[in-house]
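Each chain, written out:
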Amino acid sequence: MAANTAVALDGVPETMLWTLYQRAAEARRPDTVLPDPEAVALVEAVAETGGFAFTERFGHPHPLAAQALALRAACFDSVVRQFLDAYPDGTVVSLGEGLETAFWRCDNGRVSWLTVDLPEPLAVRHSLLPHGSRQHTLACDARDPAWTAGIDPARGVLVLAQGLLMYFRPPEVRDLIASCAEHFPGGGLVFDAVPRTPGRPADPAARRGPPVARGYRLPPMPWRMNARQRPALATAHPAVAEIRPVELPPGRGLLWGTAAPRVERLPVLRNRRPTVTLLRFASR
Ligand SMILES: C[S@@+](CC[C@H](N)C(=O)[O-])C[C@H]1O[C@@H](n2cnc3c(N)ncnc32)[C@H](O)[C@@H]1O
């Protein structure tokens, strides 16, 4: 990164700094649930070279959030690894990848990895991370199906949308699913969702995002989905052939080690909790 290139983002792009900050904090622990040396080095580079004052902006890392985001990333990694077992030369497309370092955690030496993000955050990523010959980047709005062009579905395609779809409006999420189903027969899409909050205003876009630190709130999250609403995803496109819940791996401590793995057995919480879902698309 050029010495005078300051990292200055806002809105949804800025959230990539928050998720990186939390993941790196978790990765520094000796008992971490997700070893991630690249994230640790990257957060230091953003602070030192990019001049971004993480603590000033986001407060200190929150241990529960840090572990939750690392477990979410581990959950996506497990889907990527299963995909690469079946399609070692396949393509992983990471939409809204931000400063995720999943490529280094999951690389099998053969995968082709495409990062899609908006121009400004992508420029930050480019300036901080090395990009090898199997890593490709595209500055494109994930809501614009133009990013699907040039990807060969025959080699296998897995699309990741980690920490992204909640920032879209419901019809945009539907269109994105339909577009993936249309362009990637035999492929898959994995994404996470935040649950609906009872008693919130009718216009979901008007909601404020959750506060995560003094003076910092995540942006509004217009798209939300409870676990029970998963079957409705099939209506996005006739080629949605399978809707599979992906559970977080067990973590540490009372919440992530003891309670979270048992939540599936608790009627209300089972429905209203953050989820990860894998959609598989029919082959033609
Ligand atoms: C919460 S961050 C998630 C980053 C990364 N996936 C992670 O889990 O750490 C949201 C990311 O989505 C990107 N993003 C927001 N809107 C987007 C859009 N319309 N198209 C593509 N990327 C978008 C942001 O720039 C940012 O990198």
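Residues numbered from 1 in each chain as written. Predicted model: local features only at pLDDT ≥ 70, side-chain atom pairs only at ≥ 80, totals over all residues. Heavy atoms only, no water.

Where an unreviewed UniProt entry is consulted, the protein chain appears under the name Class I SAM-dependent methyltransferase, with the organism given as Streptacidiphilus jeojiensis.

Moving on to the pattern of salt bridges. A complete count under the given rule lists 18 salt bridges for this structure. Salt-bridge contacts for Asp77 lead to Arg105; the nearest nitrogen and oxygen are separated by 2.6 Å. Taken together, the residues Asp77 in helix 4 (residues 63–86) and Arg105 in helix 5 (residues 102–106) connect sequence positions 28 residues apart. For the pair Asp77 and Arg105, a shared accessibility class is recorded, and that class is buried. Close ionic contact of Glu172 with Arg143 constitutes a salt bridge, the shortest N to O distance being 3.5 Å. On the criterion of sequence distance, the pair formed by Glu172 in helix 7 (residues 170–183) and Arg143 in the loop between strand 3 (135–139) and strand 4 (157–161) is long-range, its members being 29 residues apart. (Salt bridge = Lys/Arg side-chain N within 4 Å of Asp/Glu carboxyl O. Helix = DSSP H or I, 4+ residues; strand = E, 2+ residues; numbered from the N terminus. Buried < 20%, exposed > 50% of the residue type's maximum accessible area, 1.4 Å probe, protein only.)

Once that is clear, we can look at the environment of Asp152. Among the structural elements, Asp152 can be located in the loop between strand 3 and strand 4. Asp152 sits 110 residues away from Arg262 along the chain, and the two C-alpha atoms are 40 Å apart.

Moving on, we come to the side chain of Glu14. By the secondary structure assignment, Glu14 is in helix 1 (residues 11–27). Take Glu14: its relative accessible area is 5%, and that puts it in the buried class.

Around the ligand sit 22 residues, and of these Thr19, Gly96, Asp117, Asp141 and Ala142 come closest. In this structure, Thr19 approaches the ligand through a side-chain N or O atom, which is 2.8 Å from an oxygen atom. At 3.4 Å, a side-chain N or O of Arg72 approaches an oxygen atom of the ligand. By residue number, the principal contributor to the shell around the ligand is helix 1, which donates six residues. Across the shell around the ligand, the residue classes tally to nine nonpolar, six polar and seven charged. (Near = heavy atom within 4 Å. Polar contact = N/O pair within 3.5 Å; in protein donor to acceptor, adjacent residues only side chain to side chain. Nonpolar A, V, L, I, M, F, W, Y, C, P; charged D, E, K, R; others polar.)

On to the side chain of Thr148. Its place among the elements puts Thr148 in the loop between strand 3 and strand 4. Relative accessible area serves as the criterion here: at 6%, Thr148 is assigned to the buried category. Not counting the four nearest positions on each side in its chain, Thr148 is found in contact with Ser179, His183 and Phe184. (Contact = heavy atoms within 4.5 Å.)

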